[in-house]
Amino acid sequence: MDLEVCIDSVESAIAAERGGAKRVELCSDLLEGGITPGAGMIAAVRRHISIDLYVMIRPRGSDFFYSDFELEVMRDEIAHARALGADGVVFGLLDQQGRVDVSQTRELVKLAAPMGVTFHRAIDMTPDLDAALEDVIATGAGRILTSGGASSVLRGMAQISRMVKAARGRIAIMPGGGISAENIAGIARSSGATEFHSSARTAFESPVQFRKQGMAMGDLRDREYRRYAVHEETVRALVSSLPALAKESQSA
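Now for a description of the structure that goes with this document. (Residues numbered from 1 in each chain as written. Predicted model: local features only at pLDDT ≥ 70, side-chain atom pairs only at ≥ 80, totals over all residues. Heavy atoms only, no water.)

Moving on, we get to helix H5 (residues 129-139). Along H5, the positions that sit buried rather than exposed are Leu-129, Ala-132, Leu-133, Val-136, Ile-137 and Thr-139. What you see down the axis of H5 is that its buried residues fit within an arc of 155°, all on one side. Residues of H5 that are buried make contact with helix H4 (102-112), strand E5 (116-119), strand E6 (143-146), helix H6 (157-167) and strand E7 (172-175). The backbone nitrogen of Asp-130 lies 3.1 Å from a side-chain oxygen of the residue at the head of H5, namely Asp-128. Looking one or two residues past H5, Gly-140 carries a phi angle of roughly 95°, positive in sign. (Buried < 20%, exposed > 50% of the residue type's maximum accessible area, 1.4 Å probe, protein only. Helix = DSSP H or I, 4+ residues; strand = E, 2+ residues; numbered from the N terminus. Arc of directions from axis to C-beta. Contact = heavy atoms within 4.5 Å. Polar contact = N/O pair within 3.5 Å; in protein donor to acceptor, adjacent residues only side chain to side chain.)

Listed below in C-alpha cells is the structure:
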C-alpha cells in the first residue's frame, strides 16, 4: 500500500520522502486546487528527492474545459516536466457538458509517455462517475485520483468502493480528499484501494515580524502571514497505519 503526498515546495518534498511517502504530486497555488509549478521548482524538487515525482499539468484554476491555447500550454508543460526528470504528470480534461474529454486526454497521455499519468479530481466534477471511470480507462491513463464525487473521501466512500470493483485492475483508483492518520486504515479497508493521496499539511505562522496592516497581495486577506507545509511526522503517521493493514490482509 502506497501513499502519495501533495506538495508545493522543496521542503515539503523532502519531508514527504523522509516520512516514507512513495510519491509526491508537485503543484503550485494549492488554494486553487493546484496548478502547474514553475520549471525552477520542478528542477529543484527533482534534485532533492529520489522517490517518484508527478507534476500537476493545469494552466489555471476554475473549470477543466480548456481552450486550444490552453491545450497548447499543457502540451509544452508536459514536455518540460519530462525534460526536468518527472516520473509522471497529473491532469484532467472535461468537455462543456462536464464529461471526460476522451480524445484530448488520450492525446496528452500519449504525449506524456513513457511517464505515468494520473487523471485528477476533475473526475469528481462529472455527472456520472461510473461512466467517467470507463472513459478515463479508454484514454490510457494509469491512475484516477478521486474523492468519489463528494466533498471528502469519507462522504464518497460508497462510490469509491464501486469504482475500485468496477476497475478490475485496469486502472488504479487512488482515494484523496480529507485523508489523515486517523482515518486512512478505515478508508483502506472500506474501499479496497491500495494507493492513497494526502496533503498532510500543517499551517504555521510566517517568521516575518513586521506586519503591514490593511494590505494584501491577493483576494484572501488572512493569508499574507500564514504558511502551509508538509511535516515529516505527519507523513510518517499516515504511512505507519498502512503496514499493519497489509499484515491483516496477509493473515486473513
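From this point, things continue past the structure.
Let us now look at the side chain of Glu-4. Within the fold, Glu-4 resides in strand E1 (residues 2-7). A polar side-chain atom of Glu-4 sits 2.6 Å from a polar atom in the side chain of His-197. Contact partners of Glu-4, with chain neighbours within four places excluded, come to Arg-23, Val-24, Glu-25, Met-174, Phe-196, His-197 and Ser-198.

The next thing to look at is the sheet that holds strand E3 (residues 52-56). Pairing is parallel in the open sheet, where 8 strands are placed in the order E7-E6-E5-E4-E3-E2-E1-E8. Pairing within the sheet leaves two strands with one partner each, and these edge strands are E7 and strand E8 (195-198). Ignoring which end each strand starts from, the neighbouring axes of this sheet average 25° apart. In this sheet, E5 lies alongside strand E4 (residues 88-91) in parallel orientation, the contact comprising 4 bridges. Bridged to Gly-88 within E5 is Gly-116. (Pairing = 2+ DSSP bridges. Axes fitted to C-alpha atoms, helices over the stretch in contact; angles between N-to-C directions.)

So, on to the side chain of Thr-105. In this structure, Thr-105 sits in helix H4. Sequence-distant contacts of Thr-105, that is, excluding residues within four places in its chain, are made with Phe-91, Leu-93, Val-100, Phe-119 and Thr-139.

Let us now look at the packing of H4 against H5. Each pair of packed helices gets described by two things: the angle between the helix axes and the distance between those axes. Closest axis-to-axis distance for the H4/H5 pair is 8 Å, and the angle between their directions is 40°. For H4 against H5, the interelement crossing comes out right-handed. Seen from H4, the contacting residues are Val-102, Thr-105, Arg-106 and Val-109; seen from H5, they are Asp-135, Ala-138 and Thr-139. By residue class, the composition of the contact of H4 with H5 is 3 nonpolar, 2 polar and 2 charged. (Left-handed = near helix turned anticlockwise from the far one by under 90°. Nonpolar A, V, L, I, M, F, W, Y, C, P; charged D, E, K, R; others polar.)

Because an α-helix packs 3.6 residues into every turn, residues spaced three or four apart end up facing the same way. Among the residues of helix H7 (residues 184-191), those classed as buried are Ile-184, Ala-185, Ile-187, Ala-188 and Ser-191. Projected down its long axis, H7 carries its buried residues within an arc of 165°, all on one side. Of the residues flanking the end of H7, it is Gly-192, one or two places downstream, whose phi is positive at about 80°.

Position of Ile-179 among the secondary structure elements: in the loop between E7 and H7. Taking relative accessible area as the criterion, Ile-179 reaches 8% and is therefore assigned buried. Not counting the four nearest positions on each side in its chain, Ile-179 is found in contact with Val-153, Ile-184, Ile-187, Phe-196, His-197, Ser-198 and Leu-238.

The contact between helix H3 (residues 68-83) and H4 brings their axes to 10 Å, and the two run at 25°. In terms of orientation, H3 lies roughly parallel with respect to H4. Regarding H3 and H4, the two cross each other, and that crossing is right-handed. In this structure, H3 contributes Leu-71, Met-74, Arg-75, Ile-78 and Arg-82 to the contact, and H4 contributes Gln-104, Glu-107, Leu-108, Leu-111 and Ala-112. Residues of the contact of H3 with H4, tallied by class, amount to 6 nonpolar, 1 polar and 3 charged. (Parallel < 35°, antiparallel > 145°, perpendicular 65-115°, else oblique.)

On their own, these measurements won't tell you what the molecule is for.
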